[in-house]
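Residue-level structural notes
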Amino acid sequence: MNIIIFGPPGAGKGTQAKFIVNKYNLYQLSTGELLREEIKNKTELGSQISSIINSGELVSDEIVSNLIEKFISNDNYKNKIIFDGYPRTLNQAKILEIMLNEDNQSINFILYLNVSREIIEKRILGRILCEKCNKSMNEYLNKEEIDTHECGKNYLTKRDDDNQDVIITRYE
């Protein structure tokens, strides 16, 4: 079973994907995570991706497709993927369909999360990530959990692209 979950930035795609992954024993393919992993590993591609993301723009279909293709062609993940935030464009949807068809896979369900801009801004501006365990929290909604987080506060960070200007660009 392959599932697409999409919606605006901060809609909760990653959060909902994690619930579905655990319930149905799937693998979460987050393009954001793939891109951030390249940045974290300080690759040449990661440097290019960082500049694009920090300006609020979307990374090119070519870059994203190459990262996606490596993931979906892995036998461990075949027909067990939840696509978190991908595809974002009609062109990406067409590319994904071609890649899946070539690998004898298809999409079984598509879920759309509809969230107001006001809620999205609060979620994104308050978002805090743990670099150690990858948990996402919100400084407005999870104050106690942040204060007692098991990995310690020194691993808690904000994403560079979690700012008002980038939110507006990405939302529009």
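A brief look at the structure comes next.

Focus: the environment of Asp84
With respect to the helices, strands and loops of the structure, Asp84 is situated in strand β3 (residues 81-84). A relative accessible area of 8% places Asp84 in the buried class. Separated by 80 residues in sequence, Asp84 and Ile4 place their C-alpha atoms 6.5 Å apart.

Brief notes about the nonpolar core
Counting 19 residues, the largest nonpolar core has Val59, Ile68, Ile72, Phe83 and Leu96 as its most contacted members. Counting residues per element, this core draws most heavily on helix α4 (residues 61-72), which supplies six residues. Leave out the neighbours within four places in its chain, and Ile68 touches Leu29, Thr31, Leu34, Phe83, Tyr86, Leu96 and Met99. Counting residues in hydrophobic clusters, the runner-up holds twelve residues, among them Ile3, Ile20, Leu113 and Val115.

Some details on the state of the cysteines
Here, disulfide denotes a covalent bond that connects the sulfur atoms of two cysteines. Under the criterion given, the structure shown has zero disulfides. You can see Cys130 has no disulfide; the closest cysteine sulfur is in Cys133, sitting 3.6 Å from it. Cys130 sits in the buried class, given a relative accessible area of 1%. Its relative accessible area of 36% is what places Cys133 among the partly exposed residues.

Thoughts on unusual backbone geometry
What you tend to see is this: most non-glycine residues have negative phi, and most peptide bonds are trans. That bond from Tyr86 to Pro87 is cis: its omega, 5°, falls within 30 degrees of zero. Relative to the elements of secondary structure, Pro87 occurs in the loop between β3 and α5 (90-102). Look at Asn134: it is not a glycine, yet its phi comes out positive at around 70°. Looking at where Asn134 falls in the secondary structure, it is placed in the loop between β5 (127-130) and β6 (136-138).

Quick look at the environment of Asn163
Its location among the elements puts Asn163 in the loop between β7 (156-157) and α8 (164-171). Sequence separation of Asn163 and Ile124 is 39 residues, and the distance between their C-alpha atoms is 7.6 Å.

Digging into the pattern of salt bridges
Inspection of the entire model under this criterion finds eight salt bridges. As a salt-bridge pair, Glu145 and Lys135 come within 2.7 Å of each other at their nearest N and O atoms. Linking Glu145 in helix α7 (residues 143-147) with Lys135 in the loop between β5 and β6, this pair joins segments that are ten residues apart in sequence. Within this structure, Asp75, Lys78 and Asp103 form a network of salt bridges that share partners.

Description of the packing of helix α2 (residues 31-40) against helix α3 (residues 44-54)
Where α2 meets α3, the closest approach of the two axes is 7 Å, and the angle between their N-to-C directions is 120°. Classified by the interaxial angle, the pair formed by α2 and α3 is oblique. As for the relative orientation of α2 and α3, their crossing is left-handed in sense. Contacts between α2 and α3 involve Leu35, Glu38 and Ile39 on the former and, on the latter, Leu45, Gly46, Ile49, Ser50 and Ile53. Among the residues forming the contact of α2 with α3, the class breakdown is five nonpolar, two polar and one charged.

Observations concerning the layout of surface pockets
Considering only enclosed or pocket space, the largest pocket measures out at about 1,300 Å³ in volume. Looking at side-chain class alone, the lining of the largest pocket contains 17 nonpolar, 16 polar and 13 charged residues. There is about 560 Å³ of room inside the second largest pocket. Lining the second largest pocket are 19 residues, and of these Arg36, Lys40, Leu129, Glu131 and Arg159 lie nearest its centre. With five residues, α2 is the single largest residue contributor to the lining of the second largest pocket.

The rules behind each value
- Residues numbered from 1 in each chain as written.
- Predicted model: local features only at pLDDT ≥ 70, side-chain atom pairs only at ≥ 80, totals over all residues.
- Heavy atoms only, no water.
- Helix = DSSP H or I, 4+ residues; strand = E, 2+ residues; numbered from the N terminus.
- Buried < 20%, exposed > 50% of the residue type's maximum accessible area, 1.4 Å probe, protein only.
- Core = buried A, V, L, I, M, F, W, Y, C linked by side-chain atoms within 4.5 Å.
- Contact = heavy atoms within 4.5 Å.
- Disulfide = S-S within 2.5 Å.
- Salt bridge = Lys/Arg side-chain N within 4 Å of Asp/Glu carboxyl O.
- Axes fitted to C-alpha atoms, helices over the stretch in contact; angles between N-to-C directions.
- Parallel < 35°, antiparallel > 145°, perpendicular 65-115°, else oblique.
- Left-handed = near helix turned anticlockwise from the far one by under 90°.
- Nonpolar A, V, L, I, M, F, W, Y, C, P; charged D, E, K, R; others polar.
- 1 Å grid on protein atoms, 1.4 Å probe; cavity = no way out; pocket = protein on both sides within 12 Å on 5 of 7 lines; lining within 4 Å.
- Points joined across faces, edges and corners; volume = space filled by probe spheres on them.

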